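Architecture and fold: a report
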Protein chains: 2
Amino acid sequence: MTIKPWKILESHFIHKNVRIDKCELPNGMTIDGFVLEYGDWTTVVALTKQQEVVLVRQYRHGAQKVILELPGGAMDARDENPLQAARRELLEETGYASDNIIQIGCVSPNPANQTNLIYSFLALDAEKVSGQALDDTEDMEVVLKPLEKVITMAKNSELFQSMQVSAIFFALAYWDRIQ
Amino acid sequence: MTIKPWKILESHFIHKNVRIDKCELPNGMTIDGFVLEYGDWTTVVALTKQQEVVLVRQYRHGAQKVILELPGGAMDARDENPLQAARRELLEETGYASDNIIQIGCVSPNPANQTNLIYSFLALDAEKVSGQALDDTEDMEVVLKPLEKVITMAKNSELFQSMQVSAIFFALAYWDRIQ
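1. Some remarks on the overall build of chain A
A count of helical and extended segments in chain A gives three helices and eleven strands. When its helices and strands are written in sequence order, chain A yields β-β-β-β-β-β-β-α-β-β-β-β-α-α. Based on the C-alpha atoms only, the size of chain A along its principal axes is roughly 60 × 45 × 30 Å. Taken over 179 residues, chain A has a buried fraction of 53%. Sequence separation of 24 or more characterises 54% of the internal contacts of chain A that already satisfy a separation of 6 or more.

Okay, here's the thing in structure tokens:
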């Protein structure tokens, strides 16, 4: 059996980046495909010289909860590439910067209905170089936690974002800590 | 500083499960919050007695790619709980079943704008007990791969779904394979 793609017959937007594709399936059926046209995202595992992870606590309206997260965000027109977006988000959200940032993973947050990728980065020897530079709609608290504590949190589903658990996995793979 | 939640002033739907919440932020600003009301999801790391992972290859229209994935899907009205949904999805998508299914993780796919959780399960000694039972809109090929190969794929971003990388992480944590 060979899996075939769907054929887009027509597309229209129902809201900013929400697209409905009228698609013909390989079996001839026609359905409406729901697509979220997002820009690519970045997430950063930023480690200080003291082996502490730089985290942010913020309110997330989908879950309606205040959550502790790795910094990161969507690429925008200012960013030439994912690395630059990761540096910018780290600096804006936390005031931390690093001269040693490495891409450790690149996957899809949800290939079923999102167009974008999420790039994971590891930032070593991160240092506080400024205050935060938040948008008017952002409110975040910077929190440092020991790396081993954050890994334990990830193991116990206490790092609440699936995409951030995968970023921790990529960091552990980079460090060859997966047996 | 204490991070405060947003206050919902009014809500309306612009498409099936797409909600717009007019929200008041802690700083007094008013913005439109974009929320996807999804049911909870499950994903299953199903291992045969030969230590092979049961995967499915399918077309994903968001990414417009044919992708190799762990089985899983959304809970529906037939499911009493996430475990039952995981069993059902595994059976429908692959024809495999297991008497030994363990929940290994529960996080949010995207707390920024999704309401749902994703439950990860480990299914041991999975056996083929039937054919697939796919919806009319589904077309999937069952593929078995050695566990160690799948872990290597995850490390190299070849397991393309972020939520599935986190499921592999939870399985490795369960097995105490993270140093």
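Let's pick the thread back up.
2. Re the sheet that holds strand β2 (residues 18–24) of chain B
Residue and element names in this part refer to chain B. Ordered in space as β1-β2-β3, the three strands form an open sheet in which the pairing is antiparallel. Among the strands making up the open sheet, the edge pair consists of β1 (7–15) and β3 (30–36). Each neighbouring strand pair of the sheet contributes to a mean axis angle of 25°, computed without reference to strand direction. In terms of strand pairing, β1 meets β2 through seven bridges, oriented antiparallel.

3. Side note on the environment of L9(A)
All names here are of chain A. You can see L9 is positioned in strand β1 (residues 7–15). Placed 125 residues apart in sequence, L9 and L134 show a C-alpha to C-alpha distance of 42 Å. Excluding its chain neighbours within four sequence positions, the residues that come into contact with L9 are K22, C23, E24 and T30.

4. Brief notes about the relation of the copies chain B and chain A
With an axial shift of 0.0 Å and an RMSD of 0.0 Å, the rotation relating chain B to chain A amounts to 180°. Each copy turns onto its partner about a two-fold axis.

Criteria and thresholds
- Think of each chain on its own: its residues are numbered from 1, step by step along the sequence as written.
- Throughout, the order in which chains and ligands are written sets their labels, letters from A for the former and numbers from 1 for the latter.
- Thresholds applied to this predicted model are a pLDDT of at least 70 for local features of residues and 80 or more for the giving and counting of side-chain atom pairs; totals over whole chains, interfaces and linings are not thresholded and use all residues.
- For side-chain calculations, the full set of non-hydrogen atoms in the structure is used, while hydrogens and water are omitted.
- Under the scheme used here, helices are H or I runs from DSSP no shorter than 4 residues and strands are E runs no shorter than 2 residues, and both carry numbers assigned from the N terminus.
- Categorising residues by exposure relies on relative accessible area from a 1.4 Å probe, with only protein chains included: less than 20% of the type maximum marks a residue as buried, more than 50% marks it as exposed, and the intermediate range marks it as partly exposed.
- A contact between two residues is defined here by any heavy atoms of the two lying within 4.5 Å.
- A pair of strands counts as paired when DSSP detects no fewer than two bridges linking them.
- Working convention: axes come from line fits to C-alpha atoms, limited for helices to the stretch in contact. Angles between N-to-C directions cover 0 to 180 degrees.
- We place the copies in one frame by least squares, fitting the C-alpha atoms of every residue whose pLDDT is at least 70 in both.

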